[in-house]
Amino acid sequence: MSRQHDPFRIPRAGLETAPLAGLASVDISAASEGFSGEFLAESTLGGVMVYAIYQALLTSLRTEALRRRGAITRAVQMQMIASTVWASTKQGAAVSLVLAVVLLVCPWLAGPLSLLGLVGIGKASLDLFHAFWDGLDEVQRAELLAVAMEAGVNLQGLVGDQRPSTAAA
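This is a predicted model, so every value here is computed, not measured.

Caption draft 1: Expanded view of the pattern of salt bridges. Applying the stated criterion across every chain, the model contains 5 salt bridges. The closest approach of N and O atoms between E64 and R74, which form a salt bridge, is 3.3 Å. Placement of the pair is E64 in helix α2 (residues 38–68) and R74 in helix α3 (residues 74–105), with a sequence separation of 10 residues. Accessibility expressed as a relative area gives 19% for E64, which makes it buried. We classify R74 as partly exposed; its relative accessible area is 43%.

In C-alpha cells:
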C-alpha cells in the first residue's frame, strides 16, 4: 500500500475516526440525574474521547520518531502532543455532537455507521502502524521484518519495498 512518507508531518485524526466517534458513548447517568440531554452528552463525550485517544497515539508515535532522530526534544514532543490532542478534541466534540443529533433523529443509521466504522478502524490501524514503523531505526525494522517472515507474515505490503539502507527519511 503506498503512502506519503514525510517524517515531519504530524497526522491528524480525520474522517476515519468519525463513525466510531459517533457510536462511542460514555455512561454519565450517575452524574446526570434528571438531565434530559443525556444521550447527546454521553455520545459527545464518547466521541471526544475517541478523537483524543487516537490523536494522542498518532502524535506520540510520530513525534517519538522525530525525537529519536534528534529533530525535537522531549519537551517539544509533549507540547506537540498536547496541542494536537486539544485541536482534535475540539473537532471531535463538533463531529460527535452532530452525529449524536443525527442518530437521535434517525436511529436506523447506527447500522450503516457501524459498517463505516469498521472501514475507519482499518484506516486508523494502518495510520498507527505507519507512525509506529517510522519510529523504528533500521536495525529494529530489519529485526521486525525477519521475525514477521519467520511467522509467515509478509509486512512488505504495509511498509512498501523499502530496503534497510533506504528506509530512513
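Caption draft 2: Representation of the environment of D127 within the structure. With respect to the helices and strands, D127 occurs in helix α4 (residues 110–134). Put simply, D127 and L58 are 69 residues apart on the chain and 7.5 Å apart in space, counted from C-alpha to C-alpha. Once residues within four sequence positions are removed from consideration, D127 is found in contact with E16, Y54 and L58. Side-chain polar atoms of D127 contact the side chain of Y54, separated by 3.2 Å.

Caption draft 3: Focus on the packing of α4 against helix α5 (residues 138–150). Viewed as axis vectors pointing N to C, α4 and α5 meet at an angle of 125 degrees, and their least axial separation amounts to 10 Å. Overall, the two elements α4 and α5 adopt an arrangement that is oblique. Touching F132, W133 and D134 of α4 are R141, L144 and L145, all from α5. Counted by class, the contact of α4 with α5 contains 4 nonpolar, no polar and 2 charged residues.

Caption draft 4: Layout of the packing of aromatic side chains. Following the criterion strictly, the structure yields 1 aromatic pair and no others. Judged by centre distance (6.1 Å) and plane angle (25 degrees), the rings of F129 and W133 are stacked. In this pair, F129 and W133 both sit in helix α4, 4 residues apart, roughly one turn of the helix. Each member of the pair F129 and W133 is classed as buried.

Caption draft 5: A look at α3. Between its first and last C-alpha atoms α3 spans 46 Å; for 32 residues at 1.5 Å apiece the expected length is 46 Å, and the two agree. Within α3 the residues assigned to the buried category are Q77, I81, T84, V85, S88, T89, G92, S96, L99, A100 and L103.

Caption draft 6: Geometry of a nonpolar patch on the surface. Residues F39, L97, V101, L104 and V105 make up a contiguous nonpolar surface patch of about 450 Å² in total accessible area. By residue number, the principal contributor to the nonpolar patch is α3, which donates 4 residues. Relative to the assigned elements, V105 resides in helix α3.

Here is what the cut-offs are and how they apply
- Residues numbered from 1 in each chain as written.
- Predicted model: local features only at pLDDT ≥ 70, side-chain atom pairs only at ≥ 80, totals over all residues.
- Heavy atoms only, no water.
- Salt bridge = Lys/Arg side-chain N within 4 Å of Asp/Glu carboxyl O.
- Helix = DSSP H or I, 4+ residues; strand = E, 2+ residues; numbered from the N terminus.
- Buried < 20%, exposed > 50% of the residue type's maximum accessible area, 1.4 Å probe, protein only.
- Contact = heavy atoms within 4.5 Å.
- Polar contact = N/O pair within 3.5 Å; in protein donor to acceptor, adjacent residues only side chain to side chain.
- Axes fitted to C-alpha atoms, helices over the stretch in contact; angles between N-to-C directions.
- Parallel < 35°, antiparallel > 145°, perpendicular 65-115°, else oblique.
- Nonpolar A, V, L, I, M, F, W, Y, C, P; charged D, E, K, R; others polar.
- Phe/Tyr/Trp six-rings, centres within 6.5 Å; stacked < 30°, edge-to-face > 60°.
- Expected span 1.5 Å × (residues − 1).
- Patch = residues over 30% accessible without salt bridge, like charges linked within 9 Å, V, L, I, M, F, W, Y side chains within 5 Å.
- Areas by Shrake-Rupley, 256 points an atom, 1.4 Å probe, with all protein chains shown as cover.

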